[in-house]
Structures are given as structure tokens and as C-alpha cells.
Amino acid sequence: MAPQRIAVIPGDGIGVEVTVAARAVLDAVADRHRLELSYEEFDWSCRRHMEQGAMMPPDGIAVLRPYDAILLGAVGWPGVPDHVSLWGLLIPIRRAFRQYVNLRPVRVFDGVASPLRHAAPGSVDFVVVRENVEGEYSEIGGRMNRGFPDEFAVQESVFTRAGVTRIADHAFALAAGRRSYVTSATKSNGIMHTLPFWDEVVAERAARFPEVRWDAEHIDALAAKLVLDPQRFDVIVASNLFGDILSDLAAAVAGSIGIAPSANLDPTRTYPSMFEPVHGSAPDIAGQGAANPVGAVWSAALMLEHLGHPAAAADVVAAIEASLADPATRTRDLGGTAGTAAVVGALVDHLG
Ligand code: NAI
Ligand code: MG
């Protein structure tokens, strides 16, 4: 079989450090499972923007198209505005490759203290399924009368039947293989057109998964419940904006943004999917060898699962569990003193 080809975009700051870490762990698990993976690195980043005026070359999307998957560190650096780095690389990739599912697993691991005192290790294990290509993050709208007292801005949300159907189906199918419980984030009491439509389509799709229990929660109440009772959730399905907010909240509930992974999936597999930690480039700790590599490594495990290697993915997650359980291999964000390299060493040892 030809090797599966992976495009690696380390990006900026600790993005580079955690990508090196993820590569080392992937090499170890590939050895163990005799996987054929090949890598090509791209220096697309704010550094490139400062030198060449763009985050990626004009044909960047076409260059990535033939790969089986994309592994990304993080982009963003002082000197390049954040909306430029985001709209110059990440959002074009998510949209051009129809990565309409943003998947963010959340777990409270043994050894990682959640800020919630009742979130015991092992008791919190859910996934946020965020709609990733439409909804509130639309390009429709505009600004008029700039600088005048009657200046205004309008931004339209876009919810399509196809878009809501496919994200709901993904959530219900995922729940069927887990604890069979879906929570749909809504606000159909206040937002009178788009979210009642979302509710209707979710209900229609739910009827096709009679074995999966589900309910709808208003986003404000849901945010409160995520803090008060995170154990009750299995799969949470949400629109682009609600899912964005919930998944950062959820990463905090799990103890540190440094361990949170994400997958941008095209479930139809027409285009490459992209895997990246939730965190950014962390300029405040970049270059110190202090970054927690777990978010990137867990993202690499999601990539292995997507590429059809569930046993290898499970081994990587087991290695993460073991390294977090050992105080000697916890990074500073988790109250430890270990550097990135020590964590990677432990992960590779577990896989050896
Ligand atoms: P950030 O996630 O980079 O950092 C927030 C805080 O968490 C910092 O104190 C940082 O030191 C800490 N932190 C983050 N990841 C960590 C890790 N792996 N280990 C230990 N500590 C960690 O978010 P911030 O500061 O808002 O953004 C910095 C830059 O990153 C900005 O340019 C932003 O636009 C970009 N960014 C990029 C993302 C992406 O590429 N997907 C996502 C979020 C932010
Ligand atoms: Mg976010």
C-alpha cells in the first residue's frame, strides 16, 4: 500500500514546538503498528507573511488538495493582525476542503485538576461537534455610513438545510457509538428565524436515530450546566459560534487549553481533513521548550483514527493518559515542571 501523505504546517510560536512533538509520537506509534505515513512540511505562517506578504502561496489550497490529511500547529504572531492570520490560512482551508465538522473531545484525565471541584477524573468525557463552515461566521453583510452618527454594521447568519442536516447526522452517528445522548445547543426563544429552523431540522434527523436520546438546551443555560454538571454530556452539537464558545469553555473545564485537541473533518473524505490543537501560538512561552504537547499529540491521534488506524490512535491516547497520571511528566500549565521534551520522551517510551 502507498504511504498515507500528511501535509504538516507547524505555523508560529509553540505551533512549531508541538508539531515536532506530535511527529515524534507519530513515528513511535507508526513503528509499533507498521503504518506507512509520509510527511511534507510547509512554512506557511506569520513569519512567511512578514517576509513574503502572505500566509501561504496563492496556489496553497491546490498544493494541499492531494494530501490524505493536514496536521497544523498554530498560527498567529504579534505584527500580523489575528484576523489576517486566521482568514489567510485556517479559514480558507476549512472552507475550501468542506471541513464542515469541527470535533473537539473533552476529558478530565487522572492527574489534571479541573477547576470544577466535582469533576472527578474519568467522570467527564464528551465531544463538542461544531458546525464549521456556515452559520454566524458568514461573509454576508456590510458596513455603511462610516464615520457618521448613523454608521451601522449588518452581518447575516446563514443556516442551510443541507448544512444543519449533515452536522446533526454526524452528531447522532457519533453518539450512537458512544453513550447515545445528544444535546443540541439552541437559542430559538430569542433568535426567531435561524434557530427555530435549526431545531426543526435537528428533530427531523433525530427521528432517524431512535436509539439515541437527545434534547435541546438554550445556549445560556447549557453554558451554566457545562460548569455545574459536565458529567451529564456525551455529544453536544452546535452552530459555528455557539460551538466555538462552548468548546473553549469545555477546554477550561478539562483543566488546561494545552491538552485540548480538535479535528476539522470532511466526513465525505472528498478533501483532506485538518487536525490541530485548540490552543494558539502562545507567544508568551514560545521558544522556552515549555509548551504542553498533549493537545497536538491528541490531535494526531484523531488524525490516525480518521486515516483508519483506530488501534494506533487508542495507543496514543493511552500513552497520554499514562504521562498525565505521572507528576514528573506534567508541564507548567498543569502545575508541573516538565518541559515539552520530557513529555515527548515519556509518550514515546509508553509506545516503545
Ligand atoms: P494561546 O492559546 O496561544 O495562549 C493562551 C494562554 O494559554 C497563554 O498564556 C499560553 O501560554 C497558554 N497556552 C496555550 N497553549 C499552551 C500549551 N500548549 N502549553 C502551555 N500553555 C499554553 O491564545 P492567545 O494568547 O489568545 O493567542 C496567541 C496567538 O495565537 C494569537 O495570534 C492568536 O490569533 C493565535 N491563535 C491561533 C489559533 C490557531 O492557530 N488555531 C487558535 C487560537 C489563537
Ligand atoms: Mg476559539
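Since we're looking at a predicted model, the values are computed, not measured. (Residues numbered from 1 in each chain as written. Chains lettered and ligands numbered in written order. Predicted model: local features only at pLDDT ≥ 70, side-chain atom pairs only at ≥ 80, totals over all residues.)

Secondary structure assignment for the protein yields 11 helices and 12 strands. On C-alpha atoms alone, the protein measures out to a radius of gyration of 20 Å, which is about the 20 Å that the 2.2 N^0.38 rule sets for 352 residues. Its C-alpha atoms give the protein principal-axis dimensions of about 55 × 50 × 45 Å. The buried share of the protein, taken over its 352 residues, is 47%. Within the protein, residue pairs in contact and separated by at least 24 positions form 76% of the contacts whose partners lie at least 6 positions apart. (Helix = DSSP H or I, 4+ residues; strand = E, 2+ residues; numbered from the N terminus. Rg over C-alpha atoms; globule rule 2.2 N^0.38 Å. Buried ≥ 20, exposed ≤ 12 C-beta atoms within 10 Å, placed from the backbone. Contact = placed C-beta atoms within 7 Å.)

Glancing now at the sheet that holds strand E9 (residues 213-218). On the basis of which strands lie adjacent, the open sheet formed by 10 strands has the order E2-E1-E3-E12-E11-E4-E5-E10-E8-E9 and mixed pairing. Of all strands in the sheet, those with a lone pairing partner are strand E2 (37-41) and E9, marking the two edges. Each strand of the sheet is rotated relative to its neighbour by a mean of 20 degrees, with strand direction disregarded. Sheet topology note: the strand E1 (residues 4-11)/E2 ladder contains five bridges and is parallel. (Pairing = 2+ DSSP bridges. Axes fitted to C-alpha atoms, helices over the stretch in contact; angles between N-to-C directions.)

Let's shift gears to the pairing of E9. The two faces of a sheet get side chains in turn, since along a regular strand they alternate between them. Two elements, strand E8 (residues 181-186) and E9, share six bridges in a ladder whose sense is parallel. Paired with Thr 186 across the two strands is His 218, which belongs to E9.

Our next topic: the confidence of the model for the protein. Looking at the protein as a whole, the pLDDT averages 96, with 100% of positions reaching at least 70. In the model output, the complex is listed with pTM 0.94 alongside ipTM 0.98. (pLDDT = per-residue confidence, 0-100.)

This part is about the site of ligand 1. The full set close to ligand 1 counts 23 residues, and Gly 76, Gly 258, His 279, Gly 280 and Asn 292 are the nearest of them. Mapped by element, the contributors of at least two residues to the shell around ligand 1 are helix H1 (14-33) and helix H4 (82-96). For the shell around ligand 1, the element with the most residues is H4, which contributes three residues. Each residue belonging to the shell around ligand 1 can be placed in one class, and the counts come to 10 nonpolar, nine polar and four charged. (Near = placed C-beta within 6 Å. Nonpolar A, V, L, I, M, F, W, Y, C, P; charged D, E, K, R; others polar.)

What follows covers the domain arrangement of the protein. Entries for the protein in the domain assignment read domain 1 (1-99 + 268-352) and domain 2 (125-253). Placing a centre on the C-alpha atoms of domain 1 and another on those of domain 2 gives a separation of 26 Å. Contacts between the two partners involve five residues from domain 1, matched on the other side by four residues from domain 2. Across the side of domain 1 that touches domain 2, the residue classes tally to one nonpolar, one polar and three charged. (Domains from an automatic or database assignment.)

Let us now look at H4. When the terminal C-alpha atoms of H4 are compared, their 20 Å separation across 15 residues agrees well with the 21 Å that a helix rising 1.5 Å per residue should span. The sharpest bend along H4 measures roughly 35 degrees and falls at Leu 90, with the proline Pro 92 sitting one to four residues further on. Within H4, the full set of buried residues consists of Ser 85, Gly 88, Leu 89, Leu 90 and Ile 93. The elements touched by buried residues of H4 are helix H2 (46-52), helix H3 (60-64), strand E3 (69-74) and strand E12 (273-277). One or two positions beyond H4, positive phi appears at Arg 98, with a value near 45 degrees. (Expected span 1.5 Å × (residues − 1). Bend = angle between axes of the 7 residues up to and from the residue.)

With that settled, consider the pairing of strand E4 (residues 101-107). Burial of E4 is extensive: seven of the seven residues sit out of reach of the surface. Burial of the side chains of E4 extends over both faces: Val 101, Leu 103, Pro 105 and Arg 107 are buried on one face and Asn 102, Arg 104 and Val 106 on the other. Direction of pairing for E4 relative to strand E11 (residues 261-265): antiparallel, over a ladder of three bridges. Across the sheet, Asn 102 pairs through a bridge with Asn 264, a residue of E11.

Let us now look at the UniProt feature "domain: Isopropylmalate dehydrogenase-like" (unreviewed entry) in the protein. The positions that UniProt labels "domain: Isopropylmalate dehydrogenase-like" (unreviewed entry) are, in the present scheme, residues 5-347. Its end C-alpha atoms 23 Å apart, residues 5-347 is made of 40% helix and 19% strand. (UniProt positions renumbered as here; feature names shortened; annotations may be inferred.)

Let us now look at the nonpolar core. A general trend in soluble globular proteins is that nonpolar side chains are found buried together. Val 25, Val 297, Ala 300 and Val 316 are the most contacted members of the largest nonpolar core, which totals 102 residues. Sort the elements by how many residues they give to this core and helix H9 (residues 294-306) lands first, with nine residues. Formed jointly, this core draws a minimum of three residues from each of two domains, domain 1 (1-99 + 268-352) and domain 2 (125-253). When residues no more than four places from it in sequence are discounted, the contact partners of Val 297 are Ala 21, Ala 22, Val 25, Val 316, Ile 320 and Leu 347. (Core = buried A, V, L, I, M, F, W, Y, C linked by C-beta atoms within 7 Å.)

Looking now at the packing of helix H5 (residues 161-176) against helix H6 (residues 194-206). With their axes 9 Å apart at the nearest point, H5 and H6 run at an angle of 45 degrees to one another. Relative to H6, the element H5 is oriented oblique. In this structure, H5 meets H6 at a crossing whose hand is right-handed. Facing Arg 161, Val 164, Thr 165, Ala 168, Asp 169 and Phe 172 of H5, the residues of H6 in contact are Trp 198, Val 201, Val 202, Arg 205 and Ala 206. Its residues assigned to classes, the contact of H5 with H6 shows seven nonpolar, one polar and three charged. (Parallel < 35°, antiparallel > 145°, perpendicular 65-115°, else oblique. Left-handed = near helix turned anticlockwise from the far one by under 90°.)

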